[in-house]
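Coordinates in review
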Amino acid sequence: MPFDGYDDDRMQKAVNMCKSCQSDHQRNLNGEIAIHFPGLKGLEMPIVWVFPKILVCLDCGFTEFEIPRTELIQLAESVAASA
C-alpha cells in the first residue's frame, strides 16, 4: 500500500497526549504560582509570582507550564544575586 500522507486526527491526538499517562483527557487552564527559593537563604529572597497558562491532565494530574519571559528573567536575576 503506498504512503498517502499522515492521518491528521491520529497525529493531533498523539501531540495532545499526556506525557505521563498518555491520556488525552487534558485541559488548558490559567495558573497562579508562587515560586520560593529553597533553604534558609531562600527565606530572604522575594517570592516570584507567575501567572502561566497550564496544561493539566485530568486523569493523573501531570501539569505542564512555561514561565513567562519577564518572570523568567526575574528568577535568573535572583539566582545570580544569591550565588
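Everything here concerns the structure above.
Residues numbered from 1 in each chain as written. Predicted model: local features only at pLDDT ≥ 70, side-chain atom pairs only at ≥ 80, totals over all residues. Heavy atoms only, no water.

For the rest of this paragraph, the subject is the packing of aromatic side chains. When we look at a pair of aromatic rings, we describe it by the centre distance and by the angle of the planes. On inspection of all chains with the given rule, the structure shows one aromatic pair. When the centroid spacing of 6.5 Å and the interplanar angle of 15° are considered together, the rings of tryptophan 49 and phenylalanine 51 count as stacked. (Phe/Tyr/Trp six-rings, centres within 6.5 Å; stacked < 30°, edge-to-face > 60°.)

Quick look at helix α3 (residues 69–82) now. Between the first and last C-alpha of α3 there are 20 Å, a value that for 14 residues agrees with the 20 Å anticipated at 1.5 Å per step. Those residues of α3 lying buried are Glu71, Leu75 and Ser78. Viewed along the axis of α3, the buried residues span an arc of 65°, placing them on a single side of the element. Away from the buried face of α3 by more than 90 degrees, exposed residues Arg69, Thr70, Glu77, Ala80 and Ala81 are located. Of the surrounding secondary structure, the elements contacted by the buried residues of α3 are β2 (33–35) and β3 (48–50). (Helix = DSSP H or I, 4+ residues; strand = E, 2+ residues; numbered from the N terminus. Expected span 1.5 Å × (residues − 1). Buried < 20%, exposed > 50% of the residue type's maximum accessible area, 1.4 Å probe, protein only. Arc of directions from axis to C-beta. Contact = heavy atoms within 4.5 Å.)

Secondary-structure assignment places serine 23 in the loop between α1 (8–15) and β1 (26–30). The class of serine 23 is buried, set by a relative accessible area of 11%. Polar side-chain contacts of serine 23 include one of 2.4 Å to the side chain of aspartate 59. Ignoring any residue separated from it by four or fewer positions in sequence, one finds serine 23 in contact with Asn16, Met17, Cys18, Cys57 and Asp59. (Polar contact = N/O pair within 3.5 Å; in protein donor to acceptor, adjacent residues only side chain to side chain.)

It is worth spelling out a nonpolar patch on the surface at this point. Among the surface-exposed residues, Ile47, Trp49 and Phe51 lie close enough to one another that they form a single nonpolar patch of about 310 Å² accessible area. Within the fold, isoleucine 47 resides in the loop between α2 (39–42) and β3. Residue isoleucine 47 is classed as partly exposed on the basis of its relative accessible area of 37%. (Patch = residues over 30% accessible without salt bridge, like charges linked within 9 Å, V, L, I, M, F, W, Y side chains within 5 Å. Areas by Shrake-Rupley, 256 points an atom, 1.4 Å probe, with all protein chains shown as cover. Salt bridge = Lys/Arg side-chain N within 4 Å of Asp/Glu carboxyl O.)

This part is about the nonpolar core. One finds Ile35, Phe37, Met45, Val48, Val50 and Leu75 forming the largest nonpolar core, which totals six residues. Valine 48 has contacts with Ile33, Ala34, Ile35, Phe37, Glu71, Gln74 and Leu75, leaving out every residue within four places of it along the chain. (Core = buried A, V, L, I, M, F, W, Y, C linked by side-chain atoms within 4.5 Å.)

Such coordinate-based values are descriptive only and should not be taken to indicate function.
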